Amino acid sequence: MRIESIVDAIQHNRIRITDHADEEAQADHLSFDEIFFSVFQGEIIEDYPDDKPYPSCLIYGDTFASAPVHSVWAYNQANQWGVLITVYRPDPERWINWRVRRPKK
């Protein structure tokens, strides 16, 4: 998956936000503008090409205030829609430099 596909879907309002993503955004006090901004200047750090019903990926980016954000997006190539599956502020105990998962203890 290419991040440009997700960016294009956001810019053209071809997105769906799951209830779970909406709840997680509220719980972490993240606005959708912040989430979209984090994708626009973000990077894919994990790719899940075999996810169903659509391939998905984990994107790391920063908010306007340079706070790290992880968001999981699926992408439907057929209609070029993106689906925000979940979003969260990553836990530094679980991530190295926000990009690599720490080994489980």
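An account of the accompanying structure is given in this report. (Residues numbered from 1 in each chain as written. Predicted model: local features only at pLDDT ≥ 70, side-chain atom pairs only at ≥ 80, totals over all residues. Heavy atoms only, no water.)

Considerations on the sheet that holds strand E2 (residues 43-48)
Thinking step 1. The five strands are arranged E1-E5-E4-E3-E2 in an open sheet whose pairing can be described as mixed. One side of each edge strand has no neighbouring strand; the edge strands of this open sheet are strand E1 (15-17) and E2. This sheet shows a mean twist of 30° between the axes of neighbouring strands, independent of strand direction.
Thinking step 2. Sheet topology places strand E4 (residues 68-76) next to strand E5 (residues 81-88); seven bridges connect them, and they run antiparallel. For Asn76, the partnering residue across the bridge sits in E5 and is Trp81.
Thinking step 3. Across the sheet, helix H1 (residues 3-11) touches E1, E2, strand E3 (56-62), E4 and E5, and the angle it forms with E4 is around 85°.
Thinking step 4. Against the sheet, helix H2 (residues 19-27) contacts E1 and E5, and its axis sits at roughly 40° relative to E5. (Pairing = 2+ DSSP bridges. Helix = DSSP H or I, 4+ residues; strand = E, 2+ residues; numbered from the N terminus. Axes fitted to C-alpha atoms, helices over the stretch in contact; angles between N-to-C directions. Contact = heavy atoms within 4.5 Å.)

Here we look at H1
Thinking step 1. The complete set of buried residues in H1 reads Ile3, Ser5, Ile6, Val7, Ala9 and Ile10.
Thinking step 2. Where H1 is buried, its residues contact E1, helix H3 (32-40), E2, E3, E4 and E5. (Buried < 20%, exposed > 50% of the residue type's maximum accessible area, 1.4 Å probe, protein only.)

Let's talk about the environment of Arg16
Thinking step 1. You can see Arg16 is positioned in strand E1.
Thinking step 2. In this structure the C-alpha to C-alpha distance between Arg16 and Trp73, which are 57 residues apart in sequence, comes to 9.8 Å.
Thinking step 3. Excluding its chain neighbours within four sequence positions, the residues that come into contact with Arg16 are Trp81, Gly82, Val83 and Leu84.

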